[in-house]
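Here is what each chain is made of, one letter per residue.
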Amino acid sequence: MSRVSEIMETMEYGPSVEDSSAVRDWLAAQGRFGHFIDGAFTDVGATFETRDPSTGDVLARVSQGSEADVAAAVAAARAAQPGWAALSGTERARYLYALARHVQKRERFLSVLETLDNGKPIREARDIDVPLVARHFYHHAGWAELRDSQFPGHAPLGVCGQIIPWNFPLLMLAWKIAPALAAGNTVVLKPAEYTPLTALAFAEICQEIGLPAGVVNIVTGDGVTGAALVASEVDKIAFTGSTEVGRGIALALAGTGRRLTLELGGKSPFVVMEDADLDAAVEGVVDSIWFNQGEVCCAGSRILVAEAVAPRFEALLRARMARLRVGAPLDKSTDLGAIVDPVQKDRILSICQAAVEAGAELVGGQPQDGCFIAPGYLRNIAPANPGMVEEIFGPIATLSTFRTADEAIELANATRYGLAGSVWSESATVATDLAARIKAGVIWINGANMFDAAASFGGMRDSGYSREGGHSGMRDYLAGPKVAPMTTPASPAPKAAPPAIDRTAKLYIGGAQKRPDGGAMYAVPGGLAPQGSRKDIRNAVEAAAKAGKWAAMGGHARAQVLYFIAENLAARRDEFAARTSPAEVGAALARAFHYAAWADKFDGRTVQAKPGHLVTVIPEPHGIIGITCPESQPLAGFLSLVLPAIAMGNAVVAIPSPGDPLPVMDLCQVFDTSDLPGGVVNVVTGAAAELSPHLAGHEEVSAVWHAGAAEELAAIDRAASHTLTPVWPVPARDWTGPRAQGETFLHHATRQKTIWLPYGALPAGSGGQAY
Amino acid sequence: MTNPGTDLRPDWFEGIRINTPAVERRAATLPARRSLKKDHQAAWLLNAVRCIDLTTLAGDDTPDRVARLCAKARQPIAPELLQAVGVTGLTTGAVCVYPTMVAPAKRALGDSGIPVASVATGFPAGLMPLDLRLAEIRYAVDQGADEIDIVITRAHVLQANWIALYDELRAMREACGTARMKAILATGDLKSLENVACASHVAMQAGADWIKTSTGKEGVNATLAVSLVMCRTIRDHHARTGVKVGFKPAGGLRTAKDAISWQVLMAEELGRDWLAPDLFRIGASSLLGDIERQISHHVTGRYAASHRLAPA
């Protein structure tokens, strides 16, 4: 029987291996790589090996970046930055366009190199990673062109330090470098230790297109190199990687005021409702946790399926899983390639083992020779099982059931992470409701792991903060208009006349006057103020957490409350002017009108990610914002911060001016008479330096604004680094002036949620217009 | 063996949910997920030949034209090419003709064992009175047809009149006797994928041995997306009844690459059994020429001019 006849019997696919000779020739010619600094490759220093995880073969030796290497790279970036920023948008756009074109011209080379270094299937590198890399540079060529018109008054940050992971090496490079360059920054990028090669190939492309020296610098190395970059004199750190390392970076940057973007881990829910297209949902699992060997931070790794359809769903899932092919990454018929490194393989297996020991049942997921693990999932798994809690970062999902939509939401949100979520339902009503209620930065309705340069990506909670991609991603690489610090000292607060009848100031918590827990008071202008403590902070946060309906009221209803506050404040104008100044009261009224105006107008945007996909980026309130107010201008400062926060639907726990808090305590009476629901604004007076770290470190607090004393920032940052809460160090300014209000405050009062909704009634050619 | 069918069971399909963009996504990535090279590619292409219903359904068909088609069905690939790859006895799955061409086809195919399929029931629109449509089936069977490709009344699907559709198909099944029945759904007319899925289920419940996408005359014929939906209904019918129903995409498969893509679909969604002619047919005429060119290239390393290969 001939070979062909035999195959006609078995109908097996056979090997179909992508040719890697061009890449291997390139690697052989290079052999050992230096860093890419100031437009040239450095001499090779101490090196380490990078391997093909599918075979264990050494691919090349790359240099271990030292502190001196990092310093040289930062210096080169610093020197190049003014010139790069001085180019016109169009000139920067031409460079980004050239990068996009050259990535496309070397599509095959880069795909193969990525597959060799990372172990991912060539199909994914070729059809997903590299096209998205090119797309990112094209899209940001556009932002370079449009920066001045779309971000008036904004300026680049300067030098950005960027640290990227090993799961999508070149794609993460593009996500980092494209927006930074478009905005006018220069960069020092450190690729992951396991996967430095495509970054070095990209460095060659930078040379090829004549990118000015120093604009892009690449320093290879391990975590020590990364730490050196974090510690260096850069203006921003952008990090994608593990939550643990992200937390360390936030801690290291405490008190520096440097910008930080963190894109960390996830354990994203994958919710299958009873009216879902179950075959589509099963395919969604393939695109989620069985994509890139499950080494995907936003993978829908927690499958939650309605009890009514769970048996059928699981049967379909098992059948589909059985057809996945695990094997040589360069084989074009491979679905799952190699895990990036034996260390990671061991980590995956140890979590699975712990999950099984804790009572879960593992279906599939067996280790294979070399760096391979078969796809699998954990069933019969309890909520506290380590397999349910830990990010496995391998091809192993969890499968559990729910009864109703509310239970699905409860389970979906029962995680310390908040990166992404996938929702499967054929009901637009149900799907959009789930999308709104899942706590995550990205939601895919009837889809999974969809990405585009125009669609913001990023998380919340332990998944990090700030966004990459689209308009929001650009904003995170730009500095807003400079605010002039107050030049003339604020007019000293007039000494309040003693009241006719003695008054007792209390804390304002949950819409009621509360005595401070410690029972102590301290002297302030106009009398005694309560000395708040950490317990009062706790009570205030609890009260704020119960004010959730405020967000659900909608912008129009919130605007009515803000107008009412203005109305009632105006009625007591003279009294407050006497306590503060006419300018402060004027500013207070202006803020109320300004943010009432914005309350129903600070909209998201629908972005053109892909045809046939409705992709909406929506600003959502953080939840609870902890605010420390400036020392001076107690009334204007307080309202300039609290009103934009609550206008967007947040609840606030504020620490007013420690030296002069009583005007704010009187203001609480105005809140009481203005239909502001209890708990939306909570005020704890006292020693800000002592209270603010407690506030910043409370896990229920989702964002912190610090406008108090600059020396308090470091302690706040340190506290917030543990909870991965974004801290906005609000620059000091004249709080009665026009620069104390505006959209900047609203951007900080919200975070973006990106919702993907593919649509299309009919298939291609049958009248469907979407495709 | 023919499909015995079941009673009409609307509960097997009425709650069906199909997300069209998700189907399109899967259909688009399926061919990219599997790759066939060299001997494997040749084998899969020759397997496709085994599954082709070599078809002529034109107003100008003549007995001689049909005889030429049949000659091609008996020897679909040049003998020297087959010899080079060591494959013997390769024929197409069937020839497919109009009822009046069944007798010439039977004569031309002789004892080759290649079945003759006949379209019937007022192909392609199917809007003749039912008794005439059934009579046409009986005529074709009487002429010696081994397989009957019937068309359904699209209106029954568009009106969700499952009882009427089932009864019509049952009557046709009965008229087929021992001939095997392919039910053409004309998916391009049904438009929505839910309609395609419901019609597929009714056809299988009524005893269709294959469900077939198209007549080749609709605006849109076989697509991978529609085929994916039909294959999933075959899978579900099999799970419920244990009966394996076949699938036949028709109209729209023109290239060797198409032949591979559809076979990958069958292998991935249904499995190895659905890569054999009893469960998989391709309704095509020009496809064979492209496959033969690819095989020629596989053997000789050169691309053949079309005039060097025997026409159908």
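Every chain is numbered independently, its residues counted from 1 as its sequence is written. Lettering for chains starts from A, numbering for ligands starts from 1, and both go in the order in which the items are written. Reporting in this predicted model follows two pLDDT cut-offs: at least 70 for local features of residues, and 80 or more for side-chain atom pairs to be given and counted; totals over whole chains, interfaces and linings ignore these cut-offs and use all residues.

- The name given to chain B in an unreviewed UniProt entry is Deoxyribose-phosphate aldolase, and the organism recorded there is Paracoccus gahaiensis.
- UniProt positions are given in the numbering used here, feature names are shortened, and annotations may be inferred rather than shown by experiment. The record held by UniProt for chain B lists under Pathway (unreviewed entry) the comment "Carbohydrate degradation; 2-deoxy-D-ribose 1-phosphate degradation; D-glyceraldehyde 3-phosphate and acetaldehyde from 2-deoxy-alpha-D-ribose 1-phosphate: step 2/2."

- Per an unreviewed UniProt entry, the recorded name for chain A is Aldehyde dehydrogenase family protein, and the organism is Paracoccus gahaiensis.
- Under Sequence similarities (unreviewed entry), UniProt gives the following word-for-word description of chain A: "Belongs to the aldehyde dehydrogenase family."

**Re the interface of chain B and chain A**
And then number 1: For the purpose of contact definition, each residue receives a C-beta atom placed from its backbone, and two residues are in contact when these atoms lie within 7 Å. With 37 residues of chain B in contact, the opposing surface of chain A contributes 37 residues.
And then number 2: Secondary structure follows DSSP: runs of H or I at least 4 residues long count as helices, runs of E at least 2 residues long count as strands, and numbering of each begins at the N terminus. Elements with a contribution of two residues or more to the side of chain B that touches chain A: α1 (20-33), α2 (38-50), α11 (224-241) and α12 (256-269) of chain B.
And then number 3: Counting residues per element, the side of chain B that touches chain A draws most heavily on α1 of chain B, at eight residues.
And then number 4: Here the residues of the side of chain B that touches chain A are counted per class, giving 17 nonpolar, nine polar and 11 charged. Ten residue types, Ala, Val, Leu, Ile, Met, Phe, Trp, Tyr, Cys and Pro, are classed as nonpolar, four, Asp, Glu, Lys and Arg, as charged, and the remainder, Gly among them, as polar.

**Structural notes on helix α16 (residues 428-437) of chain A**
Residues and elements named next belong to chain A.
And then number 1: The exposure label follows from counting other C-beta atoms within 10 Å of a residue's C-beta, where the C-beta atoms are placed from the backbone and the thresholds are 20 or more for buried and 12 or fewer for exposed, leaving partly exposed in between. Of the residues making up α16, those classed as buried are Val430, Ala431, Leu434 and Ala435. Along α16, the residues classed as buried sweep out an arc of 130° about the axis, all on the same side. Turned more than 90 degrees away from the buried face of α16 sit Ala428 and Thr429, all of them exposed.
And then number 2: In this structure, the buried residues of α16 make contact with β12 (269-272), α15 (405-413), β19 (420-424), β20 (442-445) and β34 (750-758). Relevant arc is that of directions from the helix axis to the C-beta atoms, nothing else.

**Topic: the sheet that holds strand β4 (residues 147-151) of chain B**
In sheet architecture, strand pairing relies on hydrogen bonds along the backbone and comes in two forms, parallel and antiparallel.
Residues and elements named next belong to chain B.
And then number 1: Only strands that DSSP links by at least two bridges are regarded as paired with each other. As summarised here, the arrangement of the eight strands in space is β7-β6-β5-β4-β3-β2-β1-β8, forming an open sheet in which the pairing is parallel. Each having just a single partner strand, β7 (246-248) and β8 (282-284) make up the two edges of the open sheet. Averaged over all pairs of adjacent strands, the angle between strand axes in this sheet comes to 25°, irrespective of strand direction.
And then number 2: Bridge analysis of strand β1 (residues 52-55) against β8 gives three bridges, and the strand direction is parallel. When the sheet's bridge partners are listed, Leu54 is paired in β8 with Ala284. Between N-to-C directions, angles cover 0 to 180 degrees, with each direction set by a line fitted to C-alpha atoms, over the stretch in contact for helices.

**Considering the domain arrangement of chain A**
Residues and elements named next belong to chain A.
And then number 1: Residue ranges for the domains originate in an automatic or database domain assignment. Looking at the assigned domains, one finds that chain A contains domain 1 (37-264), domain 2 (269-453) and domain 3 (505-605 + 620-755).
And then number 2: The centre of domain 2, based on its C-alpha atoms, is set 40 Å off from the matching centre of domain 3.
And then number 3: Between domain 2 and domain 3, the residue contacts involve five residues of the former and four residues of the latter.
And then number 4: Among the elements that make up the side of domain 2 that touches domain 3, the one with the highest residue count is β20 (three residues).

**Let's talk about the environment of Thr243 of chain A**
Residues and elements named next belong to chain A.
And then number 1: Position of Thr243 among the secondary structure elements: in helix α10 (residues 243-252).
And then number 2: We classify Thr243 as buried; it has 21 C-beta atoms within 10 Å.
And then number 3: The sequence separation of Thr243 and Glu567 amounts to 324 residues, and the corresponding C-alpha distance is 46 Å.
And then number 4: Contacts of Thr243, omitting those with residues within four sequence positions, involve Leu264, Gly265 and Asp462.

**Notes on the sheet that holds strand β4 (residues 47-51) of chain A**
Residues and elements named next belong to chain A.
And then number 1: Strand order in the open sheet made by the three strands is β1-β5-β4, with mixed pairing throughout. Both edges of this open sheet fall to β1 (32-33) and β4, since each of them pairs with a single strand only.
And then number 2: Both β4 and strand β5 (residues 58-63) contribute to a ladder of five bridges, which runs antiparallel. For Thr47, the partnering residue across the bridge sits in β5 and is Ser63.

**Considerations on the nonpolar core**
And then number 1: A set of buried Ala, Val, Leu, Ile, Met, Phe, Trp, Tyr and Cys residues, joined to one another through C-beta atoms within 7 Å, is what we call a nonpolar core. Residues Leu96, Val188 and Val272 of chain A together with Val95 and Ala203 of chain B are the most contacted members of the largest nonpolar core, which totals 285 residues.
And then number 2: Counting residues per element, this core draws most heavily on helix α7 (residues 169-183) of chain A, which supplies 12 residues.
And then number 3: Each of domain 1 (37-264) and domain 2 (269-453) of chain A accounts for three or more of the residues forming this core.
And then number 4: If we ignore the near neighbours within four places in the chain, the residues touching Ala203 of chain B are Ile152, Leu169, Ala183, Leu185, Ala208 and Ile211 of chain B.
And then number 5: Judged by nonpolar contacts, the second largest core, of 79 residues, contains Leu507, Val664, Leu676 and Val681 of chain A.

**A look at the packing of helix α1 (residues 3-10) of chain A against α2 of chain B**
And then number 1: Running from N to C, α1 of chain A and α2 of chain B point in directions that differ by 60°, and their axes come no closer than 8 Å. By the angle between their directions, the pair α1 of chain A and α2 of chain B is classed as oblique. Note that α1 of chain A runs across α2 of chain B; the crossing there is right-handed. Contacts between α1 of chain A and α2 of chain B pair Arg3, Val4, Ile7 and Met8 of chain A from the former with Asp39, His40, Ala42, Ala43, Leu46 and Asn47 of chain B from the latter.
And then number 2: Taken together, the residues of the contact of α1 of chain A with α2 of chain B sort by class into six nonpolar, two polar and two charged. We call two directions roughly parallel when the angle between them is under 35 degrees, roughly antiparallel when it is over 145, roughly perpendicular when it lies between 65 and 115, and oblique otherwise. Each crossing gets its hand from how the near helix is turned against the far one by less than a right angle, where anticlockwise is left-handed and clockwise is right-handed.

**As for the UniProt feature "active site" (unreviewed entry) in chain A**
Residue and element names in this part refer to chain A.
And then number 1: Those residues carrying the UniProt feature "active site" (unreviewed entry) are Glu263 in this numbering.
And then number 2: In this structure, Glu263 sits in strand β11 (residues 259-263).
And then number 3: When the 28 C-beta atoms within 10 Å are taken as the criterion, Glu263 is described as buried.
And then number 4: When residues no more than four places from it in sequence are discounted, the contact partners of Glu263 are Thr240, Cys297, Gly458, Gly459, Gly464 and Glu468.

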